[in-house]
Amino acid sequence: ALRRALQQRNGCLLAFLALIPLRRRALTGLRLGQSFLRTDGGFWVEIPAELSKNATQWSTQVPDCLIPVLNRYLEDTRLWLLARSDMSTDLLWITKDGKPLTDTALSTLIRHQTRSLFGIELSPHLFRDMAATTLARHSPADARLIRPLLAHASHQTAERHYNHAKGIEVGRSLAEVIRERRG
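Per chain, residues are indexed from 1 in the order of the written sequence. Note on the predicted model: pLDDT of at least 70 is required for a residue's local features to be given, and 80 or more for side-chain atom pairs to be given and counted; whole-chain, interface and lining totals, by contrast, use all residues. By convention in this description, side-chain values take in all heavy atoms of the structure and omit both hydrogens and water.

Caption draft 1: Looking closely at the pattern of salt bridges. The rule for a salt bridge is simple: a side-chain nitrogen of Lys or Arg has to be within 4 Å of a carboxyl oxygen of Asp or Glu. Under the criterion given, the structure shown has four salt bridges. Of the charged contacts in the structure, one is a salt bridge between R31 and D90, with a shortest N-O distance of 2.3 Å. Residue R31 is found in the loop between helix 2 (24–28) and strand 1 (36–39), and its partner D90 is found in the loop between helix 3 (67–82) and helix 4 (103–118); the two are separated by 59 residues along the sequence. By relative accessible area, R31 is classed as partly exposed at 30%. Relative accessibility under 20% of the residue-type maximum defines a buried residue, over 50% an exposed one, and the middle range a partly exposed one, all with a 1.4 Å probe and only protein chains included. Classification of D90 by relative accessible area gives partly exposed; the value is 23%. Linking R38 and E75 is a salt bridge whose minimum nitrogen-to-oxygen distance equals 3.4 Å. Remark: E75 occurs in helix 3 and R38 occurs in strand 1; sequence separation between them is 37 residues. Overall, the relative accessible area of 48% leaves R38 in the partly exposed class. Here the salt bridges do not stand alone but share partners, grouping R111, R115 and E121 into one network. In DSSP terms, a helix is any run of H or I states spanning at least four residues, a strand is any run of E spanning at least two, and both are numbered starting from the N terminus.

Right, here's the structure in full:
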């Protein structure tokens, strides 16, 4: 039962981070009813200024595809994990011992899970980098959305990711030219 609960929590956490690439401190600081809100239509994440790197509030609606996974985590898995401890908390992410997941534990968990699942170790911050790079690569016209997506204070930070994506595209174009010439 514990293994099943941890698999569900870990899958929910990775899916959440892939679609809502929060900074580590904001992710571990999500509180039910405060920064993680259930609404009639699903869920909202509202990061208060004190949990953001640039001291500004940030919010987003949780994508619909995460709602069933989050509901299962909140209604079953999280409660089961909490029952393993005599402590009570409103923090969203819970350890196998029924305690709040810390920043360090979250990083370790994500690194281990991504290595186990994908054969490569990814840090929580790399999810942010991947989101920015993916957005810039697949929709260069929308690269301006990187700043609000990642709650960056300036466009220069987001521009670094956009330039990285452009470099990938240039590399692919060069490889295609070489393939054509060899053919």
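Caption draft 2: Region of the structure containing the nonpolar core. Counting residues in hydrophobic clusters, the biggest one holds 35 residues, and the most contacted among them are F16, L22, L27, L30, F36, V45 and W93. Where this core is concerned, the elements lending two or more residues are helix 1 (2–19), helix 2, strand 2 (42–47), helix 3 and helix 4. No other element matches the seven residues that helix 1 contributes to this core. Here a residue-residue contact requires only that any non-hydrogen atoms of the pair lie within 4.5 Å. Excluding its chain neighbours within four sequence positions, the residues that come into contact with L30 are F16, L22, S35, F36, V45, I47, D90, L91, L92 and W93. Put simply, a nonpolar core is a bunch of buried Ala, Val, Leu, Ile, Met, Phe, Trp, Tyr and Cys residues held in one set by side-chain atoms that sit within 4.5 Å of each other.

Caption draft 3: Structural detail: the side chain of T77. Take T77: it is sitting in helix 3. Exposure remark for T77: the relative accessible area of 6% places this residue in the buried category. If sequence neighbours within four positions are ignored, T77 has contacts with A5, Q8, R9 and R72.

Caption draft 4: Summary view of the packing of aromatic side chains. Stacked, tilted and edge-to-face pairs are distinguished by plane angle, under 30 degrees for stacked and over 60 for edge-to-face with tilted covering the rest, among Phe, Tyr and Trp rings (Trp via its six-membered ring) whose centres lie within 6.5 Å. Summed over the entire model, instances satisfying the criterion amount to four aromatic pairs. Relative to F36, the ring of F16 lies with its centre 6.3 Å away and its plane at 55°, an arrangement referred to as tilted. With F16 in helix 1 and F36 in strand 1, this residue pair connects regions lying 20 residues apart in the sequence. Take F16: its relative accessible area is 0%, and that puts it in the buried class. For the pair F16 and W93, a centre-to-centre distance of 5.8 Å together with 75° between the ring planes defines the contact as edge-to-face. With F16 in helix 1 and W93 in the loop between helix 3 and helix 4, this pair connects stretches of sequence that are 77 residues apart. With relative accessibility at 1%, the residue W93 sits in the buried group.

Caption draft 5: Expanded view of the packing of helix 1 against helix 4. Only C-alpha atoms enter the line fits that serve as axes; for helices the fit covers just the stretch in contact. Angles between N-to-C directions range over 0 to 180 degrees. As a packed pair, helix 1 and helix 4 sit with axes 11 Å apart at the nearest point and diverge in direction by 95°. The angle between the axes of helix 1 and helix 4 places the two elements in the roughly perpendicular class. Residues R9, N10, L13, L14 and L17 of helix 1 pack against L106, L109, I110, Q113, T114 and L117 of helix 4. Of the residues belonging to the contact of helix 1 with helix 4, the class tally is seven nonpolar, three polar and one charged. Here is the rule for angles: anything less than 35 degrees is roughly parallel, anything more than 145 is roughly antiparallel, 65 through 115 is roughly perpendicular, and the remaining ranges are oblique. When residues are grouped by polarity, Ala, Val, Leu, Ile, Met, Phe, Trp, Tyr, Cys and Pro land in nonpolar, Asp, Glu, Lys and Arg in charged, and all others, Gly among them, in polar.

Caption draft 6: Focus on the confidence of the model for the protein chain. The predictor's confidence in any single residue is recorded as pLDDT, a number from 0 to 100. With 75% of its residues at a pLDDT of 70 or more, the protein chain shows a mean pLDDT of 83. Within the protein chain, helix 6 (residues 146–150) has the poorest average pLDDT of any element, 59, and helix 3 the best, 97.

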